[in-house]
Amino acid sequence: MKILLPLVCAVSLTLGACAGNPITYYQLPGSNYQLPTGSQRIPVQLKVVLAERLNQGNLVYQDSPTTLHFAQQHLWADDLGDEISQTLANELNKQSIRYLFTPENKTKTTLTVYIQSFQGSYDGYIYISGYSSWQGINNEHGHNFNVRLPQQGNGYNNMVNALAQGLSNVAKSIAPYN
């Protein structure tokens, strides 16, 4: 009985602490892939490679010039690489008349986008940085990108909305010119 009472108390405290901090899951607006209709474009697989620190499922917030905070109660609902890939494919398809960007890997041509930063910041801005690289087409070149956008309001919801808008800017900077 002496062992059982402390064990019950410990379990109760642990469960009570968990109940007080619910986990919230986030999804990027526009992350459901939409296949363009009536398209005779060249298919291109869009592949996203995230920096290792972004593969943890947590939203990331830079809380000083040198430190990052990985949210424990604010997580991505799905794989972040998949969400970014689908969002970027939708945005690139709006801008390109020659290529059809798809998250599928059944094409000979690939545009790989490497994301090194994808976070909110203490200074009121979101940051998305990285570069793109083409494989399979000789006349297309990759591009570096570094997007900084103001976040409209506080909180993770506003941060996620600003990150989605930032991906639109990334698409504009890496979109092929034809």
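Residues numbered from 1 in each chain as written. Predicted model: local features only at pLDDT ≥ 70, side-chain atom pairs only at ≥ 80, totals over all residues. Heavy atoms only, no water.

1. Remarks on helix α2 (residues 80-95)
An α-helix turns once every 3.6 residues. As a result, residues three or four positions apart point the same way. The first and last C-alpha atoms of α2 sit 23 Å apart over 16 residues, in line with the 22 Å expected at 1.5 Å per residue. Along α2, twelve of the 16 residues are buried, which leaves the element largely enclosed by surrounding structure. Among all positions in α2, only Leu-80, Gly-81, Glu-83, Ile-84, Ser-85, Thr-87, Leu-88, Ala-89, Asn-90, Glu-91, Leu-92 and Asn-93 are buried. N-cap assignment for α2: the residue whose side-chain oxygen lies 3.2 Å from the backbone N of Gly-81 is Asp-79. (Helix = DSSP H or I, 4+ residues; strand = E, 2+ residues; numbered from the N terminus. Expected span 1.5 Å × (residues − 1). Buried < 20%, exposed > 50% of the residue type's maximum accessible area, 1.4 Å probe, protein only. Polar contact = N/O pair within 3.5 Å; in protein donor to acceptor, adjacent residues only side chain to side chain.)

2. Side note on helix α3 (residues 156-174)
In this model α3 runs 27 Å from its N-terminal to its C-terminal C-alpha over 19 residues, within 8% of the 27 Å that 1.5 Å per residue would give. Buried within α3 are the following residues: Tyr-156, Met-159, Val-160, Ala-162, Leu-163, Ala-164, Gly-166, Leu-167, Ser-168, Val-170, Ala-171 and Ile-174.

3. Digging into the nonpolar core
With 41 residues, the main nonpolar core has Leu-28, Ile-84, Ile-115, Phe-118 and Ile-128 as its most contacted residues. Element by element, the count of residues in this core is highest for α3, at ten residues. Excluding anything up to four places from it in sequence, Ile-128 contacts Ile-115, Ser-117, Phe-118, Phe-145, Asn-146, Val-147, Leu-163, Gly-166, Leu-167 and Val-170. (Core = buried A, V, L, I, M, F, W, Y, C linked by side-chain atoms within 4.5 Å. Contact = heavy atoms within 4.5 Å.)

4. Considerations on empty space enclosed by the protein
Under the counting rule described, the total for this entry stands at one cavity of 30 Å³ or more. Size it by volume and the largest cavity reaches roughly 30 Å³. Around the largest cavity, the lining residues are Leu-54, Asn-58, Leu-59, Val-60, Trp-76, Leu-80, Phe-118, Met-159 and Leu-163. Of all the secondary structure elements, the ones that give two or more residues to the lining of the largest cavity are β3 (58-64) and α3. A per-element tally of the lining of the largest cavity places β3 first, with three residues. Grouping the constituent residues of the lining of the largest cavity by class yields eight nonpolar, one polar and no charged. (1 Å grid on protein atoms, 1.4 Å probe; cavity = no way out; pocket = protein on both sides within 12 Å on 5 of 7 lines; lining within 4 Å. Points joined across faces, edges and corners; volume = space filled by probe spheres on them. Nonpolar A, V, L, I, M, F, W, Y, C, P; charged D, E, K, R; others polar.)

5. Quick notes on the pattern of salt bridges
Under the definition given, this model contains one salt bridge. With its nearest N and O atoms 3.4 Å apart, the salt bridge here joins Glu-91 to Lys-94. Placement of the pair is Glu-91 and Lys-94 together in helix α2, with a separation of three residues, close to one helical turn. We classify Glu-91 as buried; its relative accessible area is 15%. (Salt bridge = Lys/Arg side-chain N within 4 Å of Asp/Glu carboxyl O.)

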